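Structure assessment
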Amino acid sequence: MEGRRTYCILVCLLFLQVSGFYLPGVAPREYKVGDKVELKVNKLTSVHTQIPYDYYSHKFCKPKGGVQQSAENLGEFLTGDRIENSPYALLMRVDEYCKILCQVKLTASQAQQFKHSIDEAYHHNWIVDNIPAASVIDTEQYVTTSYSRGFPVGYYDRVVGKHFLYNHASIVIEYHEAIENGNRIVGFYVEPFSIEHKFPQNMDYKSSTIDGKQVAPETCSTERAMDLDLVKKADHLFVQKGAKVLYTYDVVWRSSMIKWASRWDIYLSMDNAVPKKVHWFSIVNSLMIVVCLTGMVAMILARNLRRDISKYNRVPTEDEEAASGDTHEETGWKLVHQDVFRPPASCPMLLCVFIGSGVQVFVMALLTIAFAAVGFVSPANRGSLMVVMLLLYVCMGSFAGYHCARLYKTFKGQRWQRAIFLTAFLFPAFSFSVFFGLDLSLASYGSTGAVPISTLLALLALWFGISVPLVFLGAYLGFRKEPIEFPVKFSNIPRPIPAASWYVSPPFTVIVGGVLPFGACFVELFFILSSMWMDQYYYVFGFTALVFLILIITCSEMTIVLCYFQLCSENYHWWWRSFFNAGSTALYVFLYSCVYFARLEANQWFTYALYFGYMILISLGVFLATGTTGFLACLWFTRKIYASIKVD
């Protein structure tokens, strides 16, 4: 049944041409000319510190009616999103220039805060009609458009040694007129400028009114949007104590032929910054590894196993018996048939717990990737991927309990209560402890990344209210099932294991076992890490599904080969070895994350703690999932080969 479900998923992915798409999940909103369009602000983010802050923690203009937070889901809270209203007034298809928001005077602490944010490359994250703002940076040398990180707070000029604040935003919004007077927003760009505004006749902001109307500063035009030529005529606004910052903005509306359903395409493709051929290269690279490994398995195992099985099952003739005498000694993997299914001598309960937790993580990952590949997780619905992962993980608790209980029953374990308790609490408790410790540290920084108490209670409710009961339910069903049947019985006295060659020693096989599985997925791993830590979009889940499938096949085949060599050397302790041989993929994932960390250019100790804390959790999840894959593959392999021979 499981094979049929996997086959159906693969067929669906192939029909999708191996590229993820999304179902928006919300109906497009249509605006009439002159309708108010709300601009919302999200957290301030930096890839260097990984510590997000609330937008209004800095000295920006606030809405007149007060700051109001938009409704957020569990995933948005966990990712640190804080979406709030803003004072920017936008009217559909109404161009406006040099609009004044407010003027603020910076104190010493506020100026220092801006300097720190500029040094750490913090970015604004604005939202209009649920699409994020793309950043346009215009200089004399080039024009850069970024679709991932928003636009920067300011910049530091190394020549003059000063920090400059972006206080003018040139907002460009693209719309598509789907029906008459029915306009849909399909693009959102912000080009920031740093301008030290000045009013005519040496007036200041408070006195710059004529007949009750606000006079526009002479440093920006009321006839056209701000551009590089206008900026050259004015001084830039550098950050210092007592600086008077006048926030202004332009709004320009542009007609576009892009349809509403395709407006996210340029964000997801990063304006084709990463060509699809890179992902195809990853797939071809992975397929080559699988083809070579499969060929090796077919050549070594199929040929040798066929020879071994025919040799072991052949009845010797009278002449052969007379020539060999009465001493007919068996060799190879058949020699350990009375020991190969003996329960592991060390920590059998812990192995069952790891297998149960690994099955839970594996099924969660498989279903998450499948749902994302067929489009049920929308990038427009922020935090939806996190919510899907959490819900699937807690709902897969029954799988963990079932597999742990049945395997522990097969091992004839007696302390089943402890085994099920560890399955329900060991990995989740460790993950929650690390998460809670990092959350407390984020709270000490005043970051929006700190999860509110209500969200923590929701996580605990999911854990204790859903996951734990399902683990015990699955364990009840697992203990009711018959133990796993083996084709041969093990003897009461374990057979001594001879000294083995270096190439079948545990350290060597564990190190080698994870190389090929990691090599099959490291290219996609780079893009996944970039989406996690560099604020880039990743939505080619069709490729992810294929790479995940290749990873499963590679782990299985690699572990089977190593298991065969181990049994041929008359070493029957394969239970833990099979788990560690495939699970060592996680070691290479963690080492690769250490190399990737240099891209963050971090200079705070907490960034190290945050990054490596979460990467340890991710690597641990990979260890459980890949280790379980290797273990189940070896269990199937050993049962298959020992069922095919005749034993006394």
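Preceding this paragraph is the structure being described.
Our subject in this report is the structure included herewith. (Residues numbered from 1 in each chain as written. Predicted model: local features only at pLDDT ≥ 70, side-chain atom pairs only at ≥ 80, totals over all residues. Heavy atoms only, no water.)

Looking only at helices and strands, the chain features 19 helices and 16 strands. For the chain, the proportion of its 648 residues judged to be buried stands at 50%. The long-range share in the chain, meaning contacts at least 24 apart out of those at least 6 apart in sequence, stands at 82%. Accessible area for the chain stands at about 31,100 Å²; split by element, carbon and sulfur atoms hold 60% of it. (Helix = DSSP H or I, 4+ residues; strand = E, 2+ residues; numbered from the N terminus. Buried < 20%, exposed > 50% of the residue type's maximum accessible area, 1.4 Å probe, protein only. Contact = heavy atoms within 4.5 Å. Areas by Shrake-Rupley, 256 points an atom, 1.4 Å probe, with all protein chains shown as cover.)

Further remarks concern the state of the cysteines. Under the criterion given, the structure shown has 2 disulfides. There is a disulfide in this structure between Cys61 and Cys102, and the S-S distance comes to 1.8 Å. As the torsion about the S-S bond is roughly -95°, the Cys61-Cys102 disulfide counts as left-handed. Of this pair, Cys61 sits in the loop between strand 1 (36-41) and helix 2 (74-78) while Cys102 sits in strand 3 (residues 96-105), and the two are 41 residues apart along the sequence. The residues Cys61 and Cys102 share a single accessibility class, namely buried. Disulfide pairing places Cys98 opposite Cys220 at an S-S distance of 1.7 Å. A residue pair is termed long-range when its members are at least 10 positions apart, and Cys98 in strand 3 and Cys220 in the loop between strand 15 (213-214) and helix 4 (228-232) qualify at 122 residues. Here Cys98 matches Cys220 in class, with each residue buried. Across the chain, the way the bonded cysteines pair up, counted in sequence order, is 1-3, 2-4. (Disulfide = S-S within 2.5 Å.)

It is worth spelling out empty space enclosed by the protein at this point. This model, assessed by the stated rule, comprises 5 cavities of 30 Å³ or more. Here the second largest cavity is characterised by a volume of approximately 80 Å³. Around the second largest cavity, the lining is made up of 13 residues, and of these Tyr88, Trp126, Tyr166, Asn167 and Ala169 lie nearest the centre. Elements that contribute at least two residues to the lining of the second largest cavity include exactly strand 12 (168-179) and strand 16 (244-255). Partitioned by chemical class, the residues of the lining of the second largest cavity number 9 nonpolar, 4 polar and no charged. (1 Å grid on protein atoms, 1.4 Å probe; cavity = no way out; pocket = protein on both sides within 12 Å on 5 of 7 lines; lining within 4 Å. Points joined across faces, edges and corners; volume = space filled by probe spheres on them. Nonpolar A, V, L, I, M, F, W, Y, C, P; charged D, E, K, R; others polar.)

A cluster of nonpolar side chains, contributed by Leu473, Tyr476 and Leu477, occupies part of the molecular surface with about 300 Å² of accessible area. Within the secondary structure layout, Leu477 lies in helix 12 (residues 453-480). (Patch = residues over 30% accessible without salt bridge, like charges linked within 9 Å, V, L, I, M, F, W, Y side chains within 5 Å. Salt bridge = Lys/Arg side-chain N within 4 Å of Asp/Glu carboxyl O.)

Let us now look at the layout of surface pockets. Taken as a whole, the second largest pocket spans an internal volume of roughly 600 Å³. Taken together, 24 residues line the second largest pocket, and the ones lying closest to its centre are Ala121, His123, Ile137, Pro152 and Gly154. Each residue belonging to the lining of the second largest pocket can be placed in one class, and the counts come to 12 nonpolar, 9 polar and 3 charged.

The next subject is helix 18 (residues 585-596). Taking 1.5 Å of rise per residue, 12 residues should cover 16 Å, and helix 18 covers 17 Å from first to last C-alpha, within 8% of that figure. Every buried residue of helix 18 is listed here: Thr585, Ala586, Tyr588, Val589, Tyr592, Ser593 and Tyr596. In an axial view of helix 18, the angular spread of the buried residues amounts to 160°, which keeps them on one side of the axis. On its buried face, helix 18 is in contact with helix 13 (506-513), helix 14 (515-519), helix 15 (522-533), helix 16 (541-568), helix 17 (575-583) and helix 19 (605-643). (Expected span 1.5 Å × (residues − 1). Arc of directions from axis to C-beta.)

Summarising the element assignment, Ser262 is placed in the loop between strand 16 and helix 5 (265-268). Separated by 76 residues in sequence, Ser262 and Val186 place their C-alpha atoms 8.0 Å apart.

With that settled, consider the side chain of Asn42. Tracing the sequence through the fold places Asn42 in the loop between strand 1 and helix 2. A distance of 3.3 Å separates the side chain of Asn42 from the side chain of Asp81, its partner in a polar contact. Looking at Asn42, its side chain comes within polar contact range of the main-chain nitrogen of Arg82, at 3.0 Å. Those residues in contact with Asn42 that sit more than four places away from it in its chain are Tyr55, Asp81, Arg82, Ile83, Asn125 and Ile127. (Polar contact = N/O pair within 3.5 Å; in protein donor to acceptor, adjacent residues only side chain to side chain.)

Function-wise, these values are silent; they only describe arrangement.
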